Amino acid sequence: MRILTWNLWWRFGPWEQRRKAILSVLRDARPDVIGLQEVWEAGGENLAEWLAGELDMHWAWGPAGLPPHWRPFVTELGESVGNAVLSRWPITEQEVRRLPSGDGPEEGRVALFALVETERVRVPFFTTHLHSAPFGSAVRCTQVAELARFVAERRAAGDFPPVITGDFNAEPDSDEMRLFAGAKTAPVVPGQTLIDVWRYADPQQPGATWDRANGYLTHPAAVSARIDYIHLGLPGLASRFGVRSVGRAGDGPVDGVWPSDHMAVVADLAVVPDA
């Protein structure tokens, strides 16, 4: 099962050209299930719906709030943002969960759950986009705690370990990522461990998803970092588990246009349920 997660940078930059580049990357990557963040909806059109139609996939949408610092960039009445799931298999359930803002401004951050019905298993799939301020670790800690509880509530809907994707705006050794994984510190939900699949990647390959090589990262304070993730719930001990490959996609221009300011993470997962 090929999973991909990607922040699509809303309607910033040359968004009309970028969406063609996004589609090209997704066609080449051929993911089975996709978690998308910063997906725009405007003028009766939804980017996720358009991508799903072009790729012949099912889709689910989770509307979120526009962060206050984005409002000066709104150019059309009714522009909005959200998270989305695209799947080559049917999506039979979905739910949007509001995430707390802690001591930060109300941003309307959410997590989207979608139950994906494959031919063999039901996959509880989640995608989210967390608070972005570099100094906002405490806010993100409250958000990952709520996300972990959301995963615990909905994971029983499937018979495959939960898959959680998203732009967490945090580096792997941060408090919030350790708290969410529940492996290097006490988990939010007792007994729930969530594996960062990049831990199985070739250590020699580039891992930054927010990368100074990207043509849109022009701010002098920008640093390269891995802030986009695919997590997998710990399978049962009798399961045969494997991450066949992990890497980046969307890590270069398409016909001269960078698709997004983020690079995508793509992983091939294999989990055979307990006998």
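Preceding block: the structure.
Colleague: Sorry, what's going on with the sheet that holds strand β6 (residues 91–98) here?
Modeller: Hydrogen bonds along the backbone pair up the strands of a sheet, which may run parallel or antiparallel. The sheet built from six strands is open, its strands ordered β6-β7-β8-β9-β11-β10 with mixed pairing. One side of each edge strand has no neighbouring strand; the edge strands of this open sheet are β6 and β10 (194–196). Taken pair by pair, the neighbouring strands of this sheet meet at an average axis angle of 20°, ignoring direction. Of the pairings in the sheet, the one linking β6 to strand β7 (residues 110–117) comprises seven bridges and is antiparallel in character.

Colleague: Could you clarify how one ought to interpret the environment of G62 in this entry?
Modeller: With respect to the element layout, G62 can be found in strand β4 (residues 58–64). With relative accessibility at 0%, the residue G62 sits in the buried group. For G62 and P134, which are 72 residues apart along the polypeptide, the C-alpha to C-alpha distance reads 25 Å. Setting aside its immediate chain neighbours within four residues, G62 contacts G82, N83, V96, V110 and L112.

Colleague: Would you mind going over the packing of aromatic side chains with me for this structure?
Modeller: Here a ring pair, both rings aromatic, is described through the centre-centre distance and the interplanar angle of the planes. Taken as a whole and judged by the stated rule, the model has eleven aromatic pairs. An angle of 70° between the planes, with centres 6.5 Å apart, marks the rings of F113 and F150 as edge-to-face. Here F150 lies in helix α3 (residues 137–154) and F113 lies in strand β7, a separation of 37 residues in the sequence. Here F150 falls in the buried class, since its relative accessible area comes to 0%. These aromatic residues form a ring-pair network of at least three members: W9, W10, F12, W70 and Y216. One Lys or Arg, R11, reaches over the ring of W15 and ends 3.9 Å from the middle of that ring. Over the ring of W50 we find R19, and its NZ or CZ is 4.7 Å from the ring centre.

Colleague: Whenever I open this one, the pairing of strand β2 (residues 33–42) confuses me. Can you help?
Modeller: The side chains of a regular strand alternate between the sheet's two faces. Across the ten residues that make up β2, a large majority, nine, are buried. Here strand β1 (residues 2–7) runs beside β2; their pairing, made up of five bridges, is parallel. Paired with T5 across the strands is G35, a residue of β2. The parallel pair β1 and β2, bridged by helix α1 (residues 15–29), forms a crossover whose chirality is right-handed. Here β2 runs beside strand β5 (residues 80–87); their pairing, made up of seven bridges, is antiparallel. Opposite I34, over in β5, you have L86 as the bridge partner.

Rules behind the numbers
- Residues numbered from 1 in each chain as written.
- Predicted model: local features only at pLDDT ≥ 70, side-chain atom pairs only at ≥ 80, totals over all residues.
- Heavy atoms only, no water.
- Pairing = 2+ DSSP bridges.
- Helix = DSSP H or I, 4+ residues; strand = E, 2+ residues; numbered from the N terminus.
- Axes fitted to C-alpha atoms, helices over the stretch in contact; angles between N-to-C directions.
- Buried < 20%, exposed > 50% of the residue type's maximum accessible area, 1.4 Å probe, protein only.
- Contact = heavy atoms within 4.5 Å.
- Phe/Tyr/Trp six-rings, centres within 6.5 Å; stacked < 30°, edge-to-face > 60°.
- Lys NZ or Arg CZ within 6 Å of the ring centre and 35° of its normal.
- Right-handed = clockwise from strand over helix to strand, strands pointing away.

No statement about biological role is implied by the geometric values presented.
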